[in-house]
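# Examination of the molecular architecture
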Amino acid sequence: MAAVSSSFHFCSSARRAPINSISLKLAQLASSFTQPLLRALQRGPARIDMAGVIKKTSGRLLDAFVDFAFHFEDQPWLPSQSNFMPVDEIEEAVIISNIEGEIPHDFPEGVYIRNGSNPLFGALQSGSSVLGLCSETWVEGEGMLHALSFSRATPAAVSVGSGGAWTLSYKNRFVESKTFQLERSRNHPAFLPLIEGDAPAVLASFLLNKLRFGKMAKDLSNTNVLEFSGKVFAVAENHMPLEIDLLSLETIGDWDLSGAWDRPFMAHPKKAPGGELVFVGADGKKPFLVLGVVSVDGKELKHKVDLKLERGIVCHDIGVTERYNIILDMPLTFDIVRLMKGGPLLKYEKESYARIGVMPRYGDSDSIKWFDVEPYCTLHLVNCYEDGDEVVVRGGRSRGSIIPGPDLGRNKCQWFSSGFKLKLAALPKYGGLMKLYLDEKDSTTMQQENDNGGSVKVERHPLGANEFCSGAAFVSKLGGVQEDDGWIISFVHNEHTNTSQVHIIDAKNFKDDPVAKIILPKRVPYGFHGAFIPMPNRL
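The structure reproduced in this document is the subject of the present report. Bear in mind that the values here come from a model prediction, so they are computed numbers and not experimental data. (Residues numbered from 1 in each chain as written. Predicted model: local features only at pLDDT ≥ 70, side-chain atom pairs only at ≥ 80, totals over all residues. Heavy atoms only, no water.)

### Focus on unusual backbone geometry
Counted only if it meets this: Helix and strand assignments come from DSSP, with helices taken as H or I runs of at least 4 residues and strands as E runs of at least 2, each series counted from the N terminus.
Residues K286 and P287 are joined by a peptide bond in cis, for which omega reads -5°. Not every positive phi belongs to a glycine, and N498 is a case in point at roughly 60°. Locating N498 in the fold gives a position in the loop between β31 (486-494) and β32 (499-506).

### A closer look at the pattern of salt bridges
Filter applied, for reference: Whenever Lys or Arg places a side-chain nitrogen within 4 Å of a carboxyl oxygen from Asp or Glu, that contact is recorded as a salt bridge. Residue exposure (1.4 Å probe, protein chains only): buried if accessible area is under 20% of the type maximum, exposed if over 50%, otherwise partly exposed.
Counting across every chain of the model gives 22 salt bridges. With its nearest N and O atoms 2.9 Å apart, the salt bridge here joins R212 to D63. Taken together, the positions of R212 in helix α5 (residues 199-213) and D63 in helix α3 (residues 50-69) put the pair 149 residues apart, joining distant regions of the chain. The exposure classification of R212 matches that of D63, with both residues buried.

### A short note on helix α4 (residues 178-186)
What counts, and what does not: Think of it as the arc spanned by the lines of direction from the helix axis to the C-beta atoms.
For α4, the set of buried residues is T179, F180 and E183. Across the axial projection of α4, the buried residues extend over an arc of 105°, all falling on one side. Within α4, the exposed residues directed more than 90 degrees away from the buried face are K178 and S185.

### Side note on the packing of aromatic side chains
Heads up, the condition is: Here is the rule: rings of Phe, Tyr and Trp (six-membered ring for Trp) pair when centre to centre is within 6.5 Å. Planes less than 30 degrees apart are stacked, more than 60 are edge-to-face, and the remainder are tilted. Whether a charge lies above a ring is judged from NZ of Lys or CZ of Arg, which has to be within 6 Å of the ring centre and within 35 degrees of the ring normal.
As enumerated under the stated definition, the model contains 16 aromatic pairs in all. Geometrically, the ring pair formed by W138 and F528 is edge-to-face, given 6.4 Å between the ring centres and 65° between the ring planes. Of this pair, W138 sits in the loop between β6 (132-135) and β7 (143-152) while F528 sits in the loop between β33 (516-519) and β34 (530-534), and the two are 390 residues apart along the sequence. For W138, a relative accessible area of 32% translates into the label partly exposed. Members of the aromatic cluster, connected to one another through ring pairs, are F228, F233, W255, W261, F265 and F279. Geometry around F491 places R114 over its ring, the cationic atom sitting 5.5 Å from the centre. Positioned above the aromatic ring of Y353 is the side chain of R311, whose terminal nitrogen or guanidinium carbon lies 3.7 Å from the ring centre.

### A look at the sheet that holds strand β15 (residues 270-271)
Defined as follows: Strands are treated as partners if at least two bridges between them are detected by DSSP.
Read across the open sheet, the four strands follow the order β15-β16-β17-β18; overall the sheet is antiparallel. Of all the strands in the sheet, the pair left with one neighbour each is β15 and β18 (301-306). In the sheet, strand β17 (residues 289-294) pairs with β18 via five bridges, with the strands oriented antiparallel. Across the sheet, the residue bridging to G292 is K304, located in β18.

Spelled out as structure tokens, the structure:
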């Protein structure tokens, strides 16, 4: 991470409010505290619920103090960020009639769904005060699901593929966590940002959010979509999974395994061979990382263990093999104690250590075999498998953080435009989709050397000029049993025309043009991860 400044950042000289404005705010602050007490006293002592009155009054007083001391500002959109700007929810699903090509006859019925950040109030927020600046980062913003449904229909359906008729419809919807509902009901930002900023302002945000709402930050289920045991969940690092109705996209509620899980989840839990779900939950205080294993039917937390890490980390992904869990302990850390001492809440400690842990499926902290590696930042693993007595872990790594620090100021255009200044192993610079074949040699396909002297075979699928994709997923062919029996599906946006599509690409003919391009009725902002979920009872 770029160096983080912990000095005070005073804003009073250029933005000092007039004296009469400050006096008015102070009067409003006092009124918010005294008026509820006066109304309660007027009802008579016998009718006063003093504990309730004090709680309600304290909440109003804290809200008034935040309104007085902090000023929310929309972060500016950079010129290159037009398709990161949020969109509104649509009321009803829209039937799609504009399709280039044909949907394959053996394509399964289901829903292609992708999650992503969609700031509720039009932009990411910054909060300024005499303590300095606190800001949301590019990975924040309320979760929004974008879903394209595929179902076979009557001969009068709008799209006819080679194997029959299809009805396609598009819908989007916010993931409605409790904190989302709270801020939407207030119709203005309520939670103070705290991931990035000057340490005094971030610490104040942390304490005020805890006092006002009982939690440090908003529940942002904006990162991934998980299907497990017949249910669908929106997931992210900072909150429990939220169950979603696949067809309506309505948020059903938290999935806490009947109270057995009481901490944040993660964005990339893994289905182990045999069908169990393996995941971890990270926190900024002890226990820093806890691992869980859920039964195949999704009803029981079969295993829960503190991995006894020595620091809080951001753990975006884990790996599984037939017998083992793979844990990444990397130097992107999340430390509340450091914040209270005047340091940043989130920090990339490039001079610290990194390691990869291998543990039995139901092991404890003592059973983990740790392997020290060069300090790095890894968000995603490609694959993990057992090879005799060895466990092979495949993934990309960078030697820097993907989150810029506050020393870069509010305008991070140059940093982002430089490609994060990261060196990604084994991935050439290329626009479009890539398919990697590890340690396979083929004279017809490009070879990219990796840091260990091996090779990675790269097959490319080019996109059009000014086109970019997000949330790609693999769709298995009905009855398919061979490697690459299926398609790659992805949201694609054209920056020149400002239109969005969904492309379906034959995985066995990856370099060819898509077999179908589905033109969407609405712009779909760039987002994070997606999945194709077959329709229930239609597998």
